[in-house]
Amino acid sequence: MRSGTMTIQLINGHFTPRESLDLITRMIHVKISYHEEKIREATTEEDVKMREKRIRELQRDLFEIRQQLQSREGFVDLASKIELN
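Below, the structure is looked at part by part.

Cut-off values and rules
- The residue count restarts for each chain, going from 1 along the sequence in the order it is written.
- Only residues with pLDDT of at least 70 get local features here, since the model is predicted, and only at 80 or more are side-chain atom pairs given and counted; chain-wide, interface and lining totals rely on the full set of residues.
- In computing side-chain values, all of the structure's heavy atoms are included and hydrogens and water are not.
- Every case where a carboxyl oxygen of Asp or Glu lies within 4 Å of a side-chain nitrogen of Lys or Arg is listed as a salt bridge.
- Residues enter patches when they are more than 30% accessible in relative terms and free of salt bridges; like-charged ones are connected within 9 Å and nonpolar ones (Val, Leu, Ile, Met, Phe, Trp, Tyr) within 5 Å.
- To be clear on the numbers: accessible area is Shrake-Rupley with a 1.4 Å probe, and residue cover counts the displayed protein chains and nothing else.
- The helix and strand labels rest on DSSP assignments: H or I over at least four residues marks a helix, E over at least two residues marks a strand, and numbering proceeds from the N terminus.
- Throughout this description, the term nonpolar core refers to a set of buried Ala, Val, Leu, Ile, Met, Phe, Trp, Tyr and Cys residues connected via side-chain atoms within 4.5 Å.
- Only protein chains enter the area calculation, which uses a 1.4 Å probe; residues under 20% of their type maximum are buried, those over 50% are exposed, and those in between are partly exposed.
- For this analysis, residues touch if any pair of their heavy atoms sits within 4.5 Å.
- Between the N-to-C directions of two axes lies an angle of 0 to 180 degrees, each axis being a line fitted to C-alpha atoms and, for a helix, fitted only over the stretch in contact.
- An angle below 35 degrees is read as roughly parallel, one above 145 as roughly antiparallel, one from 65 to 115 as roughly perpendicular, and any other as oblique.
- Each residue is assigned to one class: nonpolar for Ala, Val, Leu, Ile, Met, Phe, Trp, Tyr, Cys and Pro, charged for Asp, Glu, Lys and Arg, and polar for all the others, Gly among them.

Counting across every chain of the model gives seven salt bridges. Taken together, the shared-partner salt bridges connect Lys 53, Arg 54 and Glu 57 into one network.

On to a nonpolar patch on the surface, then. A contiguous nonpolar patch, built from Ile 8, Leu 10, Met 27, Ile 82 and Leu 84 and spanning about 370 Å² of accessible area, is present on the exposed surface. Going through the elements one at a time, strand 1 (6-15) and strand 2 (76-84) are the ones with two or more residues in the nonpolar patch. Position of Leu 84 among the secondary structure elements: in strand 2.

Counting residues in hydrophobic clusters, the biggest one holds 12 residues: Ile 11, Phe 15, Leu 21, Ile 24, Ile 28, Ile 32, Ile 55, Leu 58, Leu 62, Leu 69, Val 76 and Leu 78. Of all the elements in the fold, those that place two or more residues in this core are strand 1, helix 1 (17-41), helix 2 (45-70) and strand 2. Once residues lying within four places of it in the same chain are set aside, the contact partners of Leu 21 are Leu 62, Arg 66 and Leu 69.

Helix 2 packs onto helix 1 with a crossing angle of 170 degrees between their chain directions and a minimal axis gap of 10 Å. Judged by the angle between their axes, helix 1 and helix 2 are roughly antiparallel. Partitioned by chemical class, the residues of the contact of helix 1 with helix 2 number 13 nonpolar, five polar and seven charged.

Functional significance is not addressed by these values, which are geometric in nature.
This is the structure in structure tokens:
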């Protein structure tokens, strides 16, 4: 693997509100599943509480995004990337 910064472009395009919500929902669900798995492996209550808090934040963000996209018409520009440093 190269040293330094590496960027992976996950999403970059124009989508309908329904397609946008589907993509965002899938990505957030993957992240929630990751935290749920880490909770099962957690050894400290502090770690569990931190991950539960993060899950609630992700759920709240998804709720807000869903509300915003349901009233949207036309296309939505989405961009998502992962940067490794």
